[in-house]
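Here are the chains, one letter per residue:
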Amino acid sequence: MPTYKIRGIDVEFPFEAYDCQIVYMEKVIQSLQDRSNALLESPTGTGKTLCLLCATLAWRKSLGEFSTGRSAVRSNSSQESKGLFSDGSSSQTEGSSLPTIVYTSRTHSQIRQVIQELKRTVYRPKMVVLGSREQLCIHPDVSKLQGKTQTNACHFLCQKRTKRYCAHYPRVTEFLKSNPCLGDEPIDIEDLVNIGKSSGPCPYYVSRELHKVVDILFAPYNYLIDPGNRKSLNIEWSNSILIFDEAHNLEGICADAASFDLPSSLLTTCITEAEKCVDLAVARRDQSNDKTYNPDNFAILRALLLKLEKRIAEVPIDSKELGFTKPGSYIFELLEELNITYDTSSMLLNTIEDAAVVLEEDAKTSDPQKTKGTICRLESIGDILKIIFKETGKDHAQYYRVHVQEVEVKSPDTFKAKKSRIFSWWCFNPGVAMEEFARKGVGSVILTSGTLSPMDSFAEELKLKFPIRLENPHVISDNQLWAGIVPVGPSGHPFNSSYRTRDSAEYKQNLGNSIVNFARIVPDGLLVFFPSYYLLNLCIDYWKNPSATSTNSSTIWERICKHKLPVVEPRQSSLFPQAIDDYMTKLRDTSITGAVFFAVCRGKVSEGLDFADTAGRAVIVTGIPFALWNDPKVRLKREYLDQQSQSQRSAGTGSKVLTGDEWYSQQASRAVNQAVGRVIRHRHDYGAIIFCDERFTKSSHQSQISLWIQPHIKCYSKFGDVVFTLTRFFRDASVNCQTKPKLTQLEESGAKSSRDGIFSLDKLNIAKFLKPLIPFTDKSCSDSSLTEVKHGSLSRQLQEVLPANRSNLSFNKQKQSSTLKHTEDKLFPCKTQLAVKKHEVVDLTSEETCNQLTAPRFIKKRKSEIDKHDNVLQRCGAFSSSMTHSSQTSFETRDTRSVQEGSSLQVKSEMNSQKTTTRVTSSETGSGISSCFPSDNKEQNGSAFLIQVREKLNVGEYKEFLQLIRALKSNTMKISLVLQSVIKLFSAQDRLPLRQRFKNYVPSKYRQLYEDYLEKTKDGAVDL
């Protein structure tokens, strides 16, 4: 297992790292060492999670050993006196000043993937995953419940005075005391559940206790963002490290967590519950003289809620579209009229907690045979009060707006819609949810995702300083991605999905005919993203309409189904798993060429799902998903940002503040980036990204597309050029791009870390190691009709980051031998012994190593064992083929169908697929040279040329020649020095013809330089 010294930290990585992975880990370690925040974007498939784990844990290990073997139980007396329900204030790192790492992601399924990545590393910190009772509860009745109902039922059964006392809860302390090594090996939620089922302890409370002594804690976002969940964590926040993975939606999640919406229906239900609590408290006092709960408190709560309902109903709403809006501080004025202040809010919270208990106990009394758990709506009022009356005072109100809107709600008992109101307090500064970390002295906050671009809005929105930023390139080669902007359809009608043009028949017909063509060209899975459900349904309804077809008896929908079986993303979340299963089933149907998934940006398909390889060969974006401009929340957000920007300009601070329009545009661009990120999922994957909207031709929109995609984007003025180049791309990719070779088994399964899973440059097939210096160009495809995107400064930014698809180092590695003896239960690794031999450490901070970071491109494992030098010759022969005129190369041609379906556009017969024949020969002596390209002219055959080179040079000279070829390809030497060295090598009289012929293999951009050197040597003007 290679070890890299990055900023003085030894980072052990499961395999040889790409340049972009080393750059990423360097940024992570820099953030940790400098105690600064980082904003890191790295495309899916670049090993982002693995790099993040290795770099963070290596840094943590450099500070001190992990806490493995440490028990979560300190003593029976202290444990029992405190109780497992206690939030506690004792630090998780009692007796230790080492920082805690909190690794969060959006969902438990994403955390599960992170745990799998942790298993692939050599690092074994003390760890645990926190989950809710929904994931961890194993009680036969409580596990069937959800939300606060489940929480209340759990609390009820864990009380010793109840008859149906939970059998799992009391076993937690003894189990943790007997198994201090729990968490020393990576465990997931499923592992905790299995432990509970087999050994008896409650998995939920096991995780809650174990988190107090871990080195790294895995949890969903809400454990950090939600103040209540955050307070329940026993963590020494000072110097701790907070990691937000998949953070592209973090700003929205933070804003939503700090906001609330109170519909009239919910308020009415709360009033009913308060009234019921009054009756129950009176009945208990009269029947059993139980004075535990004062009915007067519940009566006061009910009266206040009635006044609030009346006050909201009296709010004047002049415009249904605009609603009623006031500054955030208005909420304190409104509540003060009801005598709800900072002083009285705490009493109300206590009353609400008592009400929840009363309702829960009443449910158990009325039906003791069932653990029903009661949904207490009053608790939502408590949550609202906690958001409003924060411990820090009223300053946060400046980031809020009060809004009341009137909506129509369908009533189940009447056909007529009923008017209702929603009282909202919206937070427009997501930093409100993050500012707590700064006050607690957190060491570093790291936000990372595959699609953070555009980044400026993140720093502005979260109100945190991110001095360390990174937009990583991808690890794929140029021939693995086709990205194009298609501004017009087959008939030349412009694509524009804005509300002004999307309803026109010409737009919907051209979009449908385009998708018919793409469905025919793109193999296997095709994803089509619409800006909204409205446009999705509008287009599909039109395509299914027979009257919309004028030139063909079949509808557009029928012609799409002819090539790919369709699946449409449902609005209901409950139906989504069924839609995914349907899509995968249709992909496996061999009677047709694949499936097409029609989805929406910001939907479930566009986020978090892995459409790797055949599941997603192309993504079509049919428009820019701008949010509804007249949506109250969107409108107020834009107004808020414009006001902030204006005040900053008036103050003359000079600081850049995001405007409303910039935020509005960047939100749409981030949704596009998230959707197109479905297509390339690993370094061997290939696919196409198709932007079907003329607005993408504007530089303002292109600049907000993920940086790794931008260099590949081309604008096409004709639809025929799109079809032609896309057809050729998939034809070539199916031959050249092989997915997941067996050599990378280590990376996929993490099953082993020995030398056969590590890539060594000196063992690679050199012929495949070097790509052709000049790619083959087909003269039949004129560039006149293709307008390439100009990148300007972006291309210069890309040059600052080392190419992601190059191997970063060339070094000797000693074979690592490791033995891992497992016990019957691998979850308890106290008896496990891990012996790892010392292996060579590569210092990335040394000048010598930095000079090696432009080593040749990393490639796949060779298919056949051919002599290394002969394969170099063979590849050089391919260079010759690539640089000779197409007239000198013979091709087998075949006719293809017309590229146009359902439109007047006809693509001529010149668009024929071209197919080269390959002949490979070899001999045991290594003297036979393979010809990897066809040629009728033997003099132009690269293999023949290199055979002559080998005959003319001695062994040392020939080895030098091979090194020069590598340098010419990888730019590890100055080009001028390489060319002069080759000329000098061929300076003998019998080698002069070789010197002249080598000109054919020099890249075109350096060929004139080579010819100048030749002229100078002829004239004797320079001595090489």
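Now for a look at the structure at hand. On a predicted model such as this, the values are computed, not experimentally measured, just so you know.

Quick look at the overall build of the chain now. Per the secondary structure count, the chain includes 37 helices and 26 strands. A buried classification covers 54% of the 1024 residues belonging to the chain. Sequence separation of at least 24 residues holds for 77% of the intrachain contacts in the chain that already meet a minimum separation of 6. Here the chain displays about 46200 Å² of accessible surface, and carbon together with sulfur accounts for 48% of that area.

Another aspect to go through is the pairing of strand β2 (residues 9–12). Along any regular strand the residues' side chains alternate between the sheet's two faces. Inspection of the sheet shows strand β1 (residues 3–6) paired to β2 by four bridges, in the antiparallel sense. Its bridge partner being in β2, Y4 is matched across the sheet by V11. Hairpin connection from β1 to β2: two residues lie between these consecutive antiparallel strands, with R7 at a positive phi of about 50°.

Our next topic: the state of the cysteines. Summed over the entire model, instances satisfying the criterion amount to zero disulfides. The closest cysteine sulfur to the non-disulfide-bonded C54 is located on C51, 7.0 Å from its own sulfur. For C254, which is in no disulfide, the shortest distance to another cysteine sulfur is to C427 and amounts to 9.0 Å.

Take unusual backbone geometry next. Non-glycine residue R7 carries a positive phi angle of around 50°. The residue R7 is located in the loop between β1 and β2 in this model. Phi at K463 is positive, roughly 55°, even though this residue is not glycine. By the secondary structure assignment, K463 is in the loop between α19 (456–462) and β13 (468–471).

Let's shift gears to the side chain of H396. Among the structural elements, H396 can be located in the loop between α17 (378–388) and β10 (400–410). Of note is the side chain of H396, whose polar atom sits 3.1 Å from the backbone oxygen of I388. With residues up to four places along the chain from it excluded, the contact list for H396 reads F332, Y342, I387, I388, K390 and W425.

One can find Y223 in helix α10 (residues 222–225). Judged by relative accessible area, Y223 falls into the buried class, the value being 7%. Taking C-alpha positions, Y223 is 8.1 Å from L233, a pair spaced ten residues apart along the chain. Look past the residues within four positions of Y223 in its chain and what remains in contact with it is L130, G131, S132, R208, N229, R230 and L233. In terms of polar contacts, Y223 uses its side chain to reach the backbone carbonyl oxygen of G131, at 3.1 Å.

Relative orientation of the contacting elements helix α20 (residues 505–521) and helix α22 (residues 556–563) amounts to 10°, with a least axis distance of 8 Å. If you check the angle between α20 and α22, you find them roughly parallel. As for the relative orientation of α20 and α22, their crossing is left-handed in sense. Within the contact between the two elements, α20 uses Q509, G512, N513, I515, V516, A519 and R520 and α22 uses I556, R559, I560 and H563. Residues of the contact of α20 with α22, tallied by class, amount to five nonpolar, four polar and two charged.

Before going further, it helps to examine the pattern of salt bridges. A side chain with one charge can pair with a side chain of the opposite charge if their charged atoms come near. Tallied over the full model, the rule gives 30 salt bridges. Ionic pairing is found between R7 and D34, a salt bridge with its closest N-O pair at 3.9 Å. Residue R7 is located in the loop between β1 and β2, and its partner D34 is located in helix α1 (residues 19–34); the two are separated by 27 residues in the primary sequence. Overall, the relative accessible area of 41% leaves D34 in the partly exposed class. For the salt bridge of E190 with R112, the shortest nitrogen-to-oxygen distance reads 3.0 Å.

Moving on, we come to the pairing of strand β12 (residues 444–449). Burial analysis of β12 places six of its six residues in the buried class, which makes it a mostly covered element. In β12, alternate side chains face the same way, and those of S444, I446 and T448 on one face and V445, L447 and S449 on the other are all buried. Strand direction decides the pairing type here: strand β3 (residues 38–41) and β12, joined by four bridges, are parallel. The residue bridging A38 from the neighbouring strand is I446, located in β12. For strand β7 (residues 241–244) and β12, the ladder comprises four bridges, and the chain directions are parallel. The partner of F244 across the bridge, within β12, is L447.

Conventions and cut-offs
Residues numbered from 1 in each chain as written. Predicted model: local features only at pLDDT ≥ 70, side-chain atom pairs only at ≥ 80, totals over all residues. Heavy atoms only, no water. Helix = DSSP H or I, 4+ residues; strand = E, 2+ residues; numbered from the N terminus. Buried < 20%, exposed > 50% of the residue type's maximum accessible area, 1.4 Å probe, protein only. Contact = heavy atoms within 4.5 Å. Areas by Shrake-Rupley, 256 points an atom, 1.4 Å probe, with all protein chains shown as cover. Pairing = 2+ DSSP bridges. Disulfide = S-S within 2.5 Å. Polar contact = N/O pair within 3.5 Å; in protein donor to acceptor, adjacent residues only side chain to side chain. Axes fitted to C-alpha atoms, helices over the stretch in contact; angles between N-to-C directions. Parallel < 35°, antiparallel > 145°, perpendicular 65-115°, else oblique. Left-handed = near helix turned anticlockwise from the far one by under 90°. Nonpolar A, V, L, I, M, F, W, Y, C, P; charged D, E, K, R; others polar. Salt bridge = Lys/Arg side-chain N within 4 Å of Asp/Glu carboxyl O.

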